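Residue-level structural notes
Spelled out from the first residue to the last, the chains are:
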Amino acid sequence: MARTDSFVEYVVELLEKLGPVQARRMFGGWGLYFGGRMFGLVGDGQLYLKTDDVTRPDFQAAGCRPFIYEGGGRRIEMSYWTAPTDASDDAYELLPWARRAVDAAARAALKKAPKRKPTERKAPLPAASKAPAKAKPKATAKKSSAPRKQPAAKKKAARKSPRVKRS
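Residues numbered from 1 in each chain as written. Predicted model: local features only at pLDDT ≥ 70, side-chain atom pairs only at ≥ 80, totals over all residues. Heavy atoms only, no water.

**Some details on the nonpolar core**
One finds Leu15, Leu32, Phe39, Leu47, Leu49 and Leu94 to be the most contacted residues of the largest nonpolar core, which totals 27 residues. Elements with a minimum of two residues in this core: α1 (6–14), β1 (21–26), β2 (29–34), β3 (37–43), β4 (46–50) and α3 (91–112). When residues of this core are assigned to their parent elements, the largest contribution, eight residues, is made by α3. Look past the residues within four positions of Leu49 in its chain and what remains in contact with it is Phe39, Gly40, Phe59, Ser79, Tyr80, Trp81, Ala83, Leu94, Trp97, Ala98 and Ala101. One finds Tyr33, Leu41, Tyr48 and Tyr80 within the second-largest nonpolar core, a separate group that totals six residues. (Core = buried A, V, L, I, M, F, W, Y, C linked by side-chain atoms within 4.5 Å. Buried < 20%, exposed > 50% of the residue type's maximum accessible area, 1.4 Å probe, protein only. Helix = DSSP H or I, 4+ residues; strand = E, 2+ residues; numbered from the N terminus. Contact = heavy atoms within 4.5 Å.)

Spelled out as structure tokens, the structure:
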């Protein structure tokens, strides 16, 4: 892990039960990653976990608060919420909340994934109308204006004129 502060190390240790969690420095805080997806962040000495429409009601009911920052002269609320107070110091209490955050990050990734259009397949031609494939002509080398070199044996034969037998 790159240079970390003690609180980030403590949070990563709490989340050890979840699996391999990585902390990466970002914008004055830390991003928490699991399986290549950001599921949490640490900012101003506070842990925030990813929420979505499915999990946000659980966080609200537990008295959690959203991550809010000032940007462009206005307050911006993100989809990261604090963990419940009873779960902030106990790895076993934090684990189900962290799993909700990982699930929310996975759902968010699915929404962002490019939707592929089904490829249209052409109907196969009837067997009777199929024509055999034509052979492609082989590419021929370009003839250059420079004379071609002949092997030595052919040069000697070319110099000698054929003998004509006289009768």
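**So, the packing of aromatic side chains**
Applying the stated criterion across every chain yields a total of four aromatic pairs. Aromatic side chains Phe7 and Tyr10 sit 6.4 Å apart centroid to centroid with 40 degrees between the ring planes, which places their arrangement in the tilted category. Highlighted residues: Phe7 and Tyr10, both in helix α1, separated by three residues, approximately one helical turn. The exposure class of Phe7 is partly exposed, given its relative accessible area of 29%. Pairing Phe59 with Trp97 gives two aromatic rings, centres 4.9 Å apart and planes at 70 degrees, and the pair type is edge-to-face. With Phe59 in helix α2 (residues 56–61) and Trp97 in helix α3, this residue pair connects regions lying 38 residues apart in the sequence. (Phe/Tyr/Trp six-rings, centres within 6.5 Å; stacked < 30°, edge-to-face > 60°.)

**Digging into unusual backbone geometry**
With a phi close to 45 degrees, Phe27 is a non-glycine residue in the positive phi region. Mapped onto the elements of the fold, Phe27 is located in the loop between β1 and β2.

**Considering a negative patch on the surface**
The grouping of Asp5, Glu9, Glu13 and Glu16 at the surface amounts to a negative patch. On the secondary structure map, Glu9 appears in helix α1. (Patch = residues over 30% accessible without salt bridge, like charges linked within 9 Å, V, L, I, M, F, W, Y side chains within 5 Å. Areas by Shrake-Rupley, 256 points an atom, 1.4 Å probe, with all protein chains shown as cover. Salt bridge = Lys/Arg side-chain N within 4 Å of Asp/Glu carboxyl O. Lys, Arg positive; Asp, Glu negative; His and termini not counted. Charge placed at Lys NZ, Arg CZ, Asp CG, Glu CD.)

**With respect to the pairing of β4**
By the criterion of burial, β4 is predominantly enclosed, with four of the five residues buried. Looking at chain direction, β3 and β4 are connected through four bridges and run antiparallel. By the bridge assignment, Gly40 is partnered in β4 with Leu49. By the bridge criterion, three bridges tie β4 to strand β6 (residues 74–82) in an arrangement that is antiparallel. Residue Tyr48 lies in a different strand from β6, and its bridge partner there is Thr82. (Pairing = 2+ DSSP bridges.)

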